[in-house]
Amino acid sequence: MKVGTHPTAATHAHGTVLTSAPQDAPVDRATAAARRVVDAMLRTDRGNANLDRVAEELNSIADHLEEHAPEVAERLIDMWNGEGVTRHDPVTGPENAIAPPLVLEGLEDGSVRGTVTLTMPYQGPPGCVHGGVSALILDHVLGVANAWGGKSGMTAKLETNYHRPTPLFEPLVITGRLVSVDGRKIRTVGSITTADGQLCVSVEGLFIDKTVPRPR
Ligand SMILES: CCCCCCCCCCCCCCCC(=O)SCCNC(=O)CCNC(=O)[C@H](O)C(C)(C)COP(=O)(O)OP(=O)(O)OC[C@H]1O[C@@H](n2cnc3c(N)ncnc32)[C@H](O)[C@@H]1OP(=O)(O)O
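Within an unreviewed UniProt entry, the label attached to the chain reads Acyl-coenzyme A thioesterase THEM4, and the organism entered is Rhodococcus ruber BKS 20-38. Per its UniProt entry, the chain bears the Sequence similarities (unreviewed entry) comment "Belongs to the THEM4/THEM5 thioesterase family."

This part takes up the nonpolar core. By size, the foremost hydrophobic cluster in this structure holds 28 residues, and its most contacted members are Leu-102, Val-112, Leu-118, Ile-137, Val-141 and Ile-174. At eight residues, the largest contribution of residues to this core is made by helix H4 (residues 131-148). Non-local contacts of Ile-137, meaning those with residues more than four positions away in its chain, are made with Val-91, Leu-102, Leu-118 and Ile-174.

Right, let's talk about the side chain of Ser-191 for a bit. Assignment of secondary structure puts Ser-191 in strand S7 (residues 185-194). Note on Ser-191: relative accessible area 15%, which makes it buried. Looking at Ser-191, its side chain comes within polar contact range of the side chain of Thr-175, at 2.9 Å. Those residues in contact with Ser-191, other than ones at most four positions away along the chain, are Leu-138, Val-173, Ile-174, Thr-175, Leu-199, Val-201 and Ser-202.

Our next topic: unusual backbone geometry. Each neighbour pair has its own omega, and for Pro-100 with Pro-101 the value is -10°, a cis peptide bond. Its location among the elements puts Pro-101 in the loop between helix H3 (72-79) and strand S3 (105-106).

This part is about the pattern of salt bridges. Applying the stated rule across the entire model yields six salt bridges. The salt bridge involving Asp-39 is made with Arg-43; its shortest N-O contact spans 2.8 Å. Here the residue Asp-39 and the residue Arg-43 both occupy positions in helix H1 (residues 26-43), the gap between them amounting to four residues, near one helical turn. A salt bridge links Glu-57 to Arg-53, with the nearest nitrogen and oxygen atoms 2.8 Å apart. Here Arg-53 and Glu-57 lie together in helix H2 (residues 51-67), a separation of four residues that amounts to about one turn. Under the relative-accessibility criterion, Glu-57 is labelled partly exposed at 42%. Taking the relative accessible area as the measure of exposure, Arg-53 reaches 45% and is therefore partly exposed.

Basis of the calculations
- Residues numbered from 1 in each chain as written.
- Predicted model: local features only at pLDDT ≥ 70, side-chain atom pairs only at ≥ 80, totals over all residues.
- Heavy atoms only, no water.
- UniProt positions renumbered as here; feature names shortened; annotations may be inferred.
- Core = buried A, V, L, I, M, F, W, Y, C linked by side-chain atoms within 4.5 Å.
- Buried < 20%, exposed > 50% of the residue type's maximum accessible area, 1.4 Å probe, protein only.
- Helix = DSSP H or I, 4+ residues; strand = E, 2+ residues; numbered from the N terminus.
- Contact = heavy atoms within 4.5 Å.
- Polar contact = N/O pair within 3.5 Å; in protein donor to acceptor, adjacent residues only side chain to side chain.
- Salt bridge = Lys/Arg side-chain N within 4 Å of Asp/Glu carboxyl O.

See the structure below:
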């Protein structure tokens, strides 16, 4: 695949950004605020006397958003249009409050790479990243690595090795790279390391070339 030709790819100093850049759009600002709420909810004092009022206000916000929500089928068509593809996923999507969101660059050596700091909503063992969250992030990153390598497929198998606990609250380097294509079988590897290079998680994925049609 020719570097920089994908509609979601923007060329930056260190590589080509494969994820949607956060925009100064109301939906991005509202999603960032929702992300703050999820994080703050886990951090706030359990005895905070205002939590009843918080629940009321948040429910009123949810009521408002639901009142303005089109039919799911209609929304799905919109989501899968153009750059929307990368705006709503649970790993990189600036419009998805459960996404950290991770920003990924495509590098000339064929790999993709990003740095992210995960906080309390992603916790598994005390102070550490939940293993399922690591697998989620890597599954997606391998999918983007496939796209960067000019392929796409469905995850058939994701073999995940947890080498050491993955720390919260510090930058983690996430990488992915397509290693081989054999007919419909695409093999892709990835890892999560600390900023000083300690390997926390490594994965080997088998993807099967198959396109699920976009909603229309
Ligand atoms: C420039 C770029 C910008 C970026 C631009 C954005 C890009 C945006 C990226 C989005 C990135 C999202 C990344 C998330 C990726 C998911 O989350 S995908 C969702 C999770 N995965 C699923 O739901 C898959 C569910 N499973 C299935 O649908 C089907 O089982 C599969 C995997 C498609 C295979 O079914 P099938 O098409 O009928 O194929 P089948 O004939 O069964 O198997 C084909 C071959 O594979 C083998 N195989 C199949 N399954 C397995 C298995 N589990 N183990 C071993 N072998 C297997 C078979 O044995 C067979 O081998 P051969 O006999 O040919 O040697």
